[in-house]
Amino acid sequence: PRSDCIAAEQLCLLDSTCNSTYRILESCVLARTRFLPLDHQSRDRCLQAELVLGNSSLLHCKCHRRMRRQEHCLRIFWTVHSSMTDGEMIINLQVPANEEHWKTDYNKLAALVSGRDCSQLAGDTTNPCLKATHVCNLSKKCVRLRTDYASICTKGAGSEDMCDHRKCHRALRNFFEKVPEDFTKRILFCPCQDELCGERRRKTIVPDCSFQYNTKPNCLWLLDSCLEDHICKSRLADFQQNCQPTDTSPDGCSQHNHAACLQAYMGMIGTPMTPNYVSNFSVEVSLWCTCESSGNQKEKCDQILSMFESNKCL
């Protein structure tokens, strides 16, 4: 039966054979991570460990975004699936269905969001992005976590000190994972007709820290950074699966599910491959990277960049 990977690991550790095999596989993954050479006998032992664990509950375990100890769960998943290639990275990162308590909270705000009653919203409600922020302020959790990431991501901005990208990314993920999507989607995807609104939307994720570096890195470097991070690697697999474009479909999506694609896009925010709007005048998004000086990997680099820049599904 499918279960989360933490529960599957606990079951495995209770079985002596599974336990010892799993420890072997962990050491194999550690060696690969550190680029340590493995002799023929060690490679055979690693392969055998993978085959043995193929019959355990670990093989079909899953992780989801809003679960506790998410990073630990993903570490288990990628240990068991360590032989996956980039093209095979598919993981089911679903938001659990036990979020019913948020629906009541949101229903109280539905009239405000739809614009039927704007009298309680302070400021200029003609700016949809400003309005979405005001609605977030009506939820204690939304405003607290938004304030948290804004504070962390602006430390060091405008001074000689660099901001802490990792802390900023972690705070952003915390916001997008713990606040209901009814709030986060409206803040991130608010429709704009003018530059002022567009600028507010573009700066939602504090791009000076979460998105931009002093110089644009190569997109292949971004990819390598992502594949070394269990969360980013998983989110990228989710994005590749749900935002796979196709020319044979009228909606441009191979999965025919734009909502799932947008959710997968939101999952990339707060990772080394954080995307963002490129200007105040459009809804075009991109990664903060370049494919200059990519040598004979230019085609691969362009493919990475095009997943965001020219993805019809997204």
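Computed from a prediction, not measured in an experiment: that's the story for all the values here.

Visitor: Would you take a moment to explain the environment of Asp-182 for this structure?
Guide: Its place among the elements puts Asp-182 in helix α10 (residues 181–188). Judged by its relative accessible area of 36%, Asp-182 falls in the partly exposed class. Taking C-alpha positions, Asp-182 is 9.5 Å from Cys-136, a pair spaced 46 residues apart along the chain.

Visitor: How should I be thinking about helix α7 (residues 128–137) in this particular structure?
Guide: Since the α-helix advances by 3.6 residues per turn, residues separated by three or four positions end up pointing in the same direction. Counting buried positions along α7 yields eight of 10 residues, so the element is predominantly enclosed. Taken together, the buried positions of α7 are occupied by Cys-129, Leu-130, Lys-131, Ala-132, Thr-133, His-134, Val-135 and Cys-136. Residue Asn-127 occupies the N-cap position of α7, its side-chain oxygen lying 3.0 Å from the main-chain nitrogen of Cys-129.

Visitor: Explain a positive patch on the surface to me, please; I cannot follow it from the model alone.
Guide: Among the surface-exposed residues, Lys-155, Arg-166, Lys-167 and Arg-170 lie close enough to one another that they form a single positively charged patch. As for its position among the elements, Lys-155 is in the loop between α8 (140–154) and α9 (165–178). You can call Lys-155 exposed: its relative accessible area is 55%.

Visitor: Just to check I follow, could you spell out the packing of helix α13 (residues 219–227) against helix α16 (residues 298–309) for this structure?
Guide: Two packed helices can be described by the angle between their axes and the distance between those axes. As a packed pair, α13 and α16 sit with axes 9 Å apart at the nearest point and diverge in direction by 70 degrees. Considered as vectors, α13 and α16 are oriented roughly perpendicular to each other. Between α13 and α16, the contacting residues are Cys-219, Leu-220 and Leu-223 on the first element and Lys-300, Cys-301, Ile-304 and Leu-305 on the second. Residues belonging to the contact of α13 with α16 are distributed by class as follows: six nonpolar, no polar and one charged.

Visitor: Can you help me understand the side chain of Thr-133 in this one?
Guide: Residue placement: Thr-133 occurs in helix α7. Residue classification places Thr-133 among the buried residues on the basis of a relative accessible area of 7%.

Visitor: Sorry, what's going on with the state of the cysteines here?
Guide: Here, disulfide denotes a covalent bond that connects the sulfur atoms of two cysteines. Considering all chains together, one arrives at 13 disulfides under this definition. A sulfur-sulfur distance of 2.0 Å marks the disulfide that ties Cys-12 to Cys-18. What sets the handedness of the Cys-12 and Cys-18 disulfide is the S-S torsion sign, and at about -105 degrees it is left-handed. A sulfur-sulfur distance of 2.0 Å marks the disulfide that ties Cys-219 to Cys-289. Between Cys-219 and Cys-289, the S-S torsion sits near 90 degrees, and that sign places the bridge as right-handed.

Reading guide: rules and limits
- Residues numbered from 1 in each chain as written.
- Predicted model: local features only at pLDDT ≥ 70, side-chain atom pairs only at ≥ 80, totals over all residues.
- Heavy atoms only, no water.
- Helix = DSSP H or I, 4+ residues; strand = E, 2+ residues; numbered from the N terminus.
- Buried < 20%, exposed > 50% of the residue type's maximum accessible area, 1.4 Å probe, protein only.
- Polar contact = N/O pair within 3.5 Å; in protein donor to acceptor, adjacent residues only side chain to side chain.
- Patch = residues over 30% accessible without salt bridge, like charges linked within 9 Å, V, L, I, M, F, W, Y side chains within 5 Å.
- Areas by Shrake-Rupley, 256 points an atom, 1.4 Å probe, with all protein chains shown as cover.
- Salt bridge = Lys/Arg side-chain N within 4 Å of Asp/Glu carboxyl O.
- Lys, Arg positive; Asp, Glu negative; His and termini not counted.
- Charge placed at Lys NZ, Arg CZ, Asp CG, Glu CD.
- Axes fitted to C-alpha atoms, helices over the stretch in contact; angles between N-to-C directions.
- Parallel < 35°, antiparallel > 145°, perpendicular 65-115°, else oblique.
- Contact = heavy atoms within 4.5 Å.
- Nonpolar A, V, L, I, M, F, W, Y, C, P; charged D, E, K, R; others polar.
- Disulfide = S-S within 2.5 Å.

Everything listed here is a matter of geometry and, on its own, says nothing about what the molecule does.
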